[in-house]
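Analysis of the macromolecular model
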Amino acid sequence: MRRSVAVAAAVLLILEAFGFAFVNWIMGIAVRHQQMSLAGLDPGAMAVGAWAAGVVMALFLIGCAVVLVRMARRDRAAGPFGRILLIVCAVTHGVLGAGLAAPVGWAAFVGMMVVLGFVVLALVLYAGETPVSGAGDEPGGSTPPPPVAPAAV
């Protein structure tokens, strides 16, 4: 069950990454063609800023999806960096969902909360496990022997 939750969350994040990139690409085109300006900023700079924001957000979401796919493939919890990345992803979805409710509508809020739910569920399902570490977890890798307790005298 937890592998399928992690894969579903990864698929949703990849779809969302493409959606963010597409929306920001369209916003950049609209700003450039309509010569929009905010507080005297150059429309070209604003268009490039929209495109850069779309790329950065898409890369962030794809990075989170890679962590989830890696968790599902190994069926083990992510390491500390992966957990922090997924927690930041969950918080980002909560904040964006709350901010999207009024200007965009409840459908956007529900969509963000569904993704948030899958990310949090994946984190919770893998919570009590040892995180993925280095080469010892790779197939064919050698794991160190368990520590031996000292003999009682």
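Use the structure listed above.
Now for a look at the structure at hand. (Residues numbered from 1 in each chain as written. Predicted model: local features only at pLDDT ≥ 70, side-chain atom pairs only at ≥ 80, totals over all residues. Heavy atoms only, no water.)

1. Some details on the packing of helix 1 (residues 2-34) against helix 2 (residues 43-74)
Where helix 1 contacts helix 2, the axes come no closer than 8 Å and their chain directions differ by 175 degrees. In terms of axis orientation, helix 1 runs roughly antiparallel to helix 2. Broken down by class, the residue content of the contact of helix 1 with helix 2 amounts to 28 nonpolar, four polar and five charged. (Axes fitted to C-alpha atoms, helices over the stretch in contact; angles between N-to-C directions. Helix = DSSP H or I, 4+ residues; strand = E, 2+ residues; numbered from the N terminus. Parallel < 35°, antiparallel > 145°, perpendicular 65-115°, else oblique. Nonpolar A, V, L, I, M, F, W, Y, C, P; charged D, E, K, R; others polar.)

2. Side note on the packing of helix 3 (residues 80-100) against helix 4 (residues 106-125)
Packed helices, taken two at a time, are described by the angle their axes make and the gap between the axes. One can describe the packing of helix 3 onto helix 4 by two numbers: an axis separation of 8 Å at closest approach and a directional angle of 160 degrees. Regarding the angle of helix 3 to helix 4, the classification is roughly antiparallel. At the point where helix 3 passes helix 4, the crossing takes the left-handed sense. Note on element contacts: helix 4 touches helix 3 through Ala-108, Phe-109, Met-112, Met-113, Val-115, Leu-116, Val-119, Val-120 and Leu-123, opposite Arg-83, Leu-86, Ile-87, Cys-89, Ala-90, His-93, Gly-94, Leu-96, Gly-97, Ala-98 and Leu-100. Per-class residue counts for the contact of helix 3 with helix 4 are 16 nonpolar, three polar and one charged. (Left-handed = near helix turned anticlockwise from the far one by under 90°. Contact = heavy atoms within 4.5 Å.)

3. What to know about unusual backbone geometry
In the Ramachandran plot, Asp-75 falls in the positive-phi region, its phi being about 55 degrees despite a non-glycine side chain. Within the element layout of this structure, Asp-75 appears in the loop between helix 2 and helix 3. On the basis of relative accessible area, Asp-75 is assigned to the partly exposed category, the value being 25%. (Buried < 20%, exposed > 50% of the residue type's maximum accessible area, 1.4 Å probe, protein only.)

4. Concerning the side chain of Asn-24
As for its placement among the helices and strands, Asn-24 is situated in helix 1. With a relative accessible area of 10%, Asn-24 lands in the buried category. With residues near it in sequence (within four places) discarded, Asn-24 still touches Ala-50, Trp-51, Ala-53 and Gly-54.

5. A short note on the nonpolar core
Leu-13, Leu-68, Met-71, Leu-86 and Val-119 are the most contacted members of the largest nonpolar core, which totals 26 residues. Of all the elements in the fold, those that place two or more residues in this core are helix 1, helix 2, helix 3 and helix 4. No other element matches the nine residues that helix 2 contributes to this core. Excluding residues that lie within four positions of it along the chain, Leu-13 makes contacts with Leu-61, Cys-64, Ala-65, Leu-68, Cys-89, His-93, Val-115 and Val-119. (Core = buried A, V, L, I, M, F, W, Y, C linked by side-chain atoms within 4.5 Å.)

6. Quick word on the environment of Val-56
Tracing the backbone through its elements, the reader meets Val-56 in helix 2. A relative accessible area of 56% places Val-56 in the exposed class.

7. Looking at the pattern of salt bridges
Opposite charge on two side chains makes pairing possible when the charged atoms of those side chains draw close. Across all of its chains, the model carries two salt bridges by this definition. Put simply, Arg-2 and Asp-75 hold a salt bridge, and the shortest N to O gap is 3.2 Å. Of this pair, Arg-2 sits in helix 1 while Asp-75 sits in the loop between helix 2 and helix 3, and the two are 73 residues apart along the sequence. The partner of Asp-75 in a salt bridge is Arg-3, and the shortest N-O contact between them spans 3.8 Å. Of this pair, Asp-75 sits in the loop between helix 2 and helix 3 while Arg-3 sits in helix 1, placing them 72 residues apart in sequence. Here the residues in one salt-bridge network are Arg-2, Arg-3 and Asp-75, joined through shared partners. (Salt bridge = Lys/Arg side-chain N within 4 Å of Asp/Glu carboxyl O.)

8. A short note on the side chain of Glu-16
As for its position among the elements, Glu-16 is in helix 1. Arg-83 is the oppositely charged side chain nearest to the buried, salt-bridge-free Glu-16, at an N-O distance of 21 Å. Ignoring anything within four residues of it in the chain, the contact list for Glu-16 reads Leu-61, His-93, Met-112 and Val-115. (Lys, Arg positive; Asp, Glu negative; His and termini not counted.)

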